[in-house]
Amino acid sequence: MMAGRKRKTPALTGAATPQPAKVSPAKLNKKCENPQSAETELSHYDLQHRLEEDFFKQPCIRLAKAFLGKVLVRRCADGTELRGRIVETEAYLGGEDKASHSAGGKRTERTTAMFMKPGTIYVYPIYGIYLCMNVSSEGEGAAVLLRSLEPLQGQLVMRQLRTARRKEGARQLKDKELCNGPSKLCQALNIPRCFDRRDLASDPDVWLEREPDTNPAEPHDIVSAPRIGIESHGEWAKKPWRFYLRGHHCVSVVNKEAERQSGNIMNNLGPSDVQSDTGQHKVKRA
């Protein structure tokens, strides 16, 4: 778990909660045309703890770690705010990182957001039906995948949104299962494809916050492990660029070996590791 004092959140008793009826995400979602201006929307919520543009101007690996413990907020069309604490991320550096969609500097219509300014949202589909949310960082074509959240606010709505995508009669999800995967968190927070290329630093419908009563994660709180689902990419599949909060119950996949090896991984970094930790990985030029 992350060090520091956390704000208390109401305890939920999942066993006593009735099975939610299925709802359409469209009922909670705004239209995908251009969002309303920040001047008209931002007055509805407190800007004090929102992360601004400068926060995102970090190398990819550093940003992936900095996201841990920050709160992703989704404001729905009816004013409902859904909140989840980021507990797991993956860094994709572009350039020589063959597991990255932008490997070799490849720009396509789909990957445009990865080359935009730091803090740009990159939403892409997998298996034709699910979505994943990423955020661009410093570095050409670099972005951070949001892998898992700890639900903090709006669990009932999250459960309804997840239920709407599941088979009739499926068991009720536990709170820790609502957002413990990249596609699951997109469903639970109703992150649509049209959020692609939006600015997380200024968007009125989705943003990041820091919790005022929680200290940043320390190096020994963070586990570094290989990324998931990229086994076909050879040596790049072994890079320890998945980061998660040690011992957190909402992490999607726990890597016991990585936890044993890492302990305090900073004590064993060599010069080449320090260089890669900045996220400034070499890009091959044509």
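Quantities reported herein were computed from a predicted structural model and do not represent experimental measurements.

Rules behind the numbers
In this convention, every chain numbers its residues from 1, walking through the sequence in written order. This being a predicted model, a pLDDT of at least 70 is required before a residue's local features are given, and a value of 80 or more before pairs of side-chain atoms are given or counted; all residues contribute to the totals for chains, interfaces and linings. In computing side-chain properties, one takes all heavy atoms of the structure into account and sets aside hydrogens as well as water. Note on aromatic contacts: the rings of Phe and Tyr and the six-membered ring of Trp form a pair at centre separations within 6.5 Å, being stacked when their planes are under 30 degrees apart, edge-to-face when over 60 apart, and tilted otherwise. A 1.4 Å probe rolled over the protein chains alone gives each residue an accessible area, and that area as a share of the maximum for its type sets the label: buried under 20%, exposed over 50%, partly exposed in between. Charge over a ring is defined by NZ of Lys or CZ of Arg lying within 6 Å of the ring centre and within 35 degrees of the ring normal. Any carboxyl oxygen of Asp or Glu within 4 Å of a side-chain nitrogen of Lys or Arg constitutes a salt bridge here. Numbering of helices and strands runs from the N terminus; a helix is a DSSP stretch of H or I covering at least four residues, while a strand is a stretch of E covering at least two. Only buried residues count toward a nonpolar core, which is a set of Ala, Val, Leu, Ile, Met, Phe, Trp, Tyr and Cys residues joined through side-chain atoms within 4.5 Å. Two residues form a contact once any of their heavy atoms are found within 4.5 Å. At least two bridges found by DSSP between two strands are what make those strands a pair.

Chemist: Tell me what's going on with the packing of aromatic side chains, and back it up with residues and numbers.
Modeler: In total, this model carries five aromatic pairs according to the counting rule given. Summarising the aromatic geometry, the rings of Tyr-122 and Tyr-124 are spaced 5.2 Å apart at their centres and angled 35 degrees between planes, so their arrangement reads as tilted. Residue classification places Tyr-122 among the buried residues on the basis of a relative accessible area of 1%. Every member of this aromatic cluster is reached through a ring pair, and the members are Phe-55, Phe-56 and Phe-67. Arg-227 extends its terminal NZ or CZ atom over the ring of Tyr-92, reaching a point 4.6 Å from the ring centre.

Chemist: Summarise the pattern of salt bridges; cite the residues concerned and give the values.
Modeler: For the coordinates displayed, the defined rule picks out 19 salt bridges. For Arg-147, the salt bridge identified is with Glu-88, shortest N-O distance 3.0 Å. Here Arg-147, found in strand 5 (residues 143-153), pairs with Glu-88, found in strand 2 (residues 81-92); they are 59 residues apart in sequence, far enough to count as distant. We note that Arg-147, like Glu-88, is buried. Glu-109 serves as the salt-bridge partner of Arg-197, at 2.8 Å between the closest nitrogen and oxygen. Residue Arg-197 is found in the loop between helix 4 (182-188) and strand 6 (206-209), and its partner Glu-109 is found in the loop between strand 2 and strand 3 (121-126); the two are separated by 88 residues along the sequence.

Chemist: Break down the nonpolar core for me, citing the residues and quoting the values.
Modeler: By size, the foremost hydrophobic cluster in this structure holds 54 residues, and its most contacted members are Phe-67, Met-133 and Leu-189. If sequence neighbours within four positions are ignored, Met-133 has contacts with Leu-72, Ile-121, Tyr-122, Val-144, Leu-145, Leu-146, Cys-186, Ile-191, Leu-200 and Val-206. One finds Tyr-92, Ala-99, Ala-143 and Ala-237 within the second-largest nonpolar core, a separate group that totals twelve residues.

Chemist: Before we move on, could you go through the pairing of strand 1 (residues 71-75) and cite the residues and values that matter?
Modeler: In the case of a regular strand, side chains alternate between the two sheet surfaces. Burial of strand 1 is extensive: five of the five residues sit out of reach of the surface. By the alternation rule, side chains of strand 1 split into Val-71, Val-73 and Arg-75 and Leu-72 and Arg-74, which are all buried. Alignment of strand 1 against strand 2, held across five bridges, turns out to be antiparallel. Each residue of the ladder has a partner; that of Leu-72, found in strand 2, is Gly-84. Hairpin connection, strand 1 to strand 2: the antiparallel pair is bridged by five residues, and Gly-79 has positive phi, about 95 degrees.

Chemist: Can you tell me about helix 3 (residues 155-163), naming the residues and giving the values?
Modeler: Counting buried residues along helix 3, eight of its nine residues qualify, which places the element largely inside the surrounding structure. Gln-155, Val-157, Met-158, Arg-159, Gln-160, Leu-161, Arg-162 and Thr-163 are the residues of helix 3 that are buried.

Chemist: Describe the pairing of strand 2, listing the residues and the values that go with them.
Modeler: Among the twelve residues that make up strand 2, twelve are buried, leaving the element largely enclosed by the rest of the structure. Pairing of strand 2 with strand 5, which is carried by nine bridges, proceeds in the antiparallel orientation. Opposite Thr-89, over in strand 5, you have Leu-146 as the bridge partner. Pairing between strand 2 and strand 8 (residues 242-245): three bridges, direction antiparallel. Residue pairing for strand 8: Thr-89 is matched across the bridge by Phe-243.

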